[in-house]
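# Secondary and tertiary structure notes
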Amino acid sequence: MPVRPRSSGWVFVNAISWRMLTHRFSFILFIMLACGLLIFGRVQPMLVEGARAHVIDSLAPILDAIARPVTVTENTIANFKSYLSLRAENEKLVAGNMQMKQWQNAVVALQNENRELHTLLNFKTEPGLAYISARVVADTGGPFVRSLIVTAGKVDGVREGMAAMTGDGLIGRVVEVGDWSSRVLLITDLNSRIPVTVAGSGDRAILAGDNSAQPKLLYLPQDAVLTPAARVTTSGHGGIFPPDLPIGAVTDNGHGSYGIVPLADLGRINYVRLVDFNLKGGAFNPLAAKIQAEAKKR
Amino acid sequence: MLDVVWQRLDSGARRSLPFVTTLVFTLLGVVAWPLPHFGPVAPPLGLIALYYWTIHRPDLFRPGMAFTIGLLSDIINFLPPGLSALLFVAAHQLVLRQRRFFAGHSFLMTWFGFVLMMSLVMTLEWLLLCLIRWQGLPFFPVFMQALLAMVFFPLPCWLLIRLQRMAFSQG
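The structure displayed is predicted, hence computed values, not measured ones.

## Thoughts on the overall build of chain B
Scanning chain B for helices and strands turns up eight helices and zero strands. Helices and strands in chain B line up, N terminus first, as α-α-α-α-α-α-α-α. For 171 residues, the compact-globule formula gives about 16 Å, and the C-alpha radius of gyration of chain B, at 17 Å, lands near that figure. Viewed in the frame of its principal axes, chain B has a C-alpha envelope of about 60 × 35 × 35 Å. Counting the 171 residues in chain B, one finds 42% classified as buried. Put simply, 62% of the contacts in chain B that link residues at least 6 apart link residues at least 24 apart.

Pasting the structure below:
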């Protein structure tokens, strides 16, 4: 039987059949690749996290560009509504301003008194808080994860573990930091666990997210009876968050189980403040700066 | 010479339309919309685009593209990398095999096909995530997202039909 010699024709035919084979089995190839990635992600989570942060960094400007018209439209509508109620708003603000001035005087007096007492007791003071403001560009996770992507990263001083707040209260913590963007895991996420204290009773608990709008209070003392609407704040235990950051109000779920209603509206967050509690001075906190300046004058 | 370059660029842009629109839809699906509590139940726009292009231009939407979009979705959504990639490739294959059945009849049949594919993908995603994390995840948000996607489907579909007509009307 004659042996067919190898020629360029055979190479060409082989190349075509290889391409057809690849095309035919690309489905299996990609399925295997995806499974490999899933296993790799379990074995080398740190590498995956680093790569993820880099990709999010690259996507953040695009997400920002897409989100910007949405934010501008929302702001325009809000401004229009605000113009309609300008007079009533002004009256409210004047009254509020007068009240705030009274509060400011009281705060300055209390701050002075507090400092004197600290000096008398040789008390070690907590470092001040510093804030980094960031805009929310993506509300990610779908039905499985509760997280936000914000436009502040390492270059702005953001570090992993920082507390994320709105004007109303704590909303979560930074779990992933890129150079220009970060990811905030919300307190409602299934993997969120925060040591908290209930104001009034002083009971300690762990605030555990369950992907619902109202996270649960776990590991309360057995005899604990909480008052509905009692304020829940961070306890500062474990060094995760500074103490006394407001989070929410107690709600009774029945059968001795309690949850909280977050103070911040987690379904409508446009801006967040990332709190760095290791920095001294609170340089980005205008109220603290003003109080300190007035105290110095006196 | 310049004409040839422009022609090639134009052709390249048209050929990349399925991938680019699926990518843009995936990003649009995670943008912080000013609708309260919309994020957790936002329709999976990327999956809608994947379904549409797999049915209408399978020659321009390959399994590798489904894999890339899925991986990107995992990265953005803080899910284990490879999970959505796996499901998107599987969904692509499933739709590809049944495309004549889903696309050959009325729009209602296409819609029905999407509901079937999406229900399967989302249930599998929920199940796999429960297994990977070894904890019971609530199913209600998944159900709500599927319901919203089902209702929302004609709108992105209409947009994709317009885009397809604009880009490929001359063949």
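Still more ground to cover, so stick around.
## Some thoughts on the overall build of chain A
Each helix and strand in chain A was counted, giving four helices and 12 strands. Across the 298 residues that make up chain A, the buried fraction comes to 30%. Put simply, of all contacts in chain A between residues at least 6 apart along the chain, 58% involve residues at least 24 apart.

## Section: helix α6 (residues 107-133) of chain B
Residue and element names in this part refer to chain B. Under the 1.5 Å per step criterion, the end-to-end length of α6 is 38 Å for 27 residues, consistent within 8% with the ideal 39 Å. Buried within α6 we find T110, G113, F114, M117, M118, V121, M122 and E125. Structurally, α6 contributes buried residues whose contacts are with α3 (45-56), α5 (83-103) and α7 (140-152). Just past α6, the residue W134 takes up positive phi, approximately 55 degrees.

## Things to note about the interface of chain B and chain A
Between chain B and chain A, the residue contacts involve 36 residues of the former and 39 residues of the latter. Elements that contribute at least two residues to the side of chain B that touches chain A include exactly α2 (17-28), α4 (63-76), α5 and α7 of chain B. Among the elements that line the side of chain B that touches chain A, the one with the most residues is α5(B), at six residues.

Parameters at a glance
- Throughout this document, residue positions are counted from 1 along each chain, in the order its sequence is written.
- All chains are assigned letters beginning at A, and all ligands numbers beginning at 1, according to the order in which they are written.
- Thresholds applied to this predicted model are a pLDDT of at least 70 for local features of residues and 80 or more for the giving and counting of side-chain atom pairs; totals over whole chains, interfaces and linings are not thresholded and use all residues.
- Going along the chain from the N terminus, every DSSP run of H or I of four or more residues is numbered as a helix, and every run of E of two or more is numbered as a strand.
- C-alpha atoms define the radius of gyration, and 2.2 Å times the number of residues to the power 0.38 defines the globule rule.
- Using C-beta atoms placed from the backbone, we call a residue buried if 20 or more other C-beta atoms fall within 10 Å of its own, exposed if 12 or fewer do, and partly exposed for counts in between.
- What counts as a contact here is a pair of residues whose C-beta atoms, placed from the backbone, lie within 7 Å.
- Take the number of residues in a helix, subtract one, and multiply by 1.5 Å to get its expected span.

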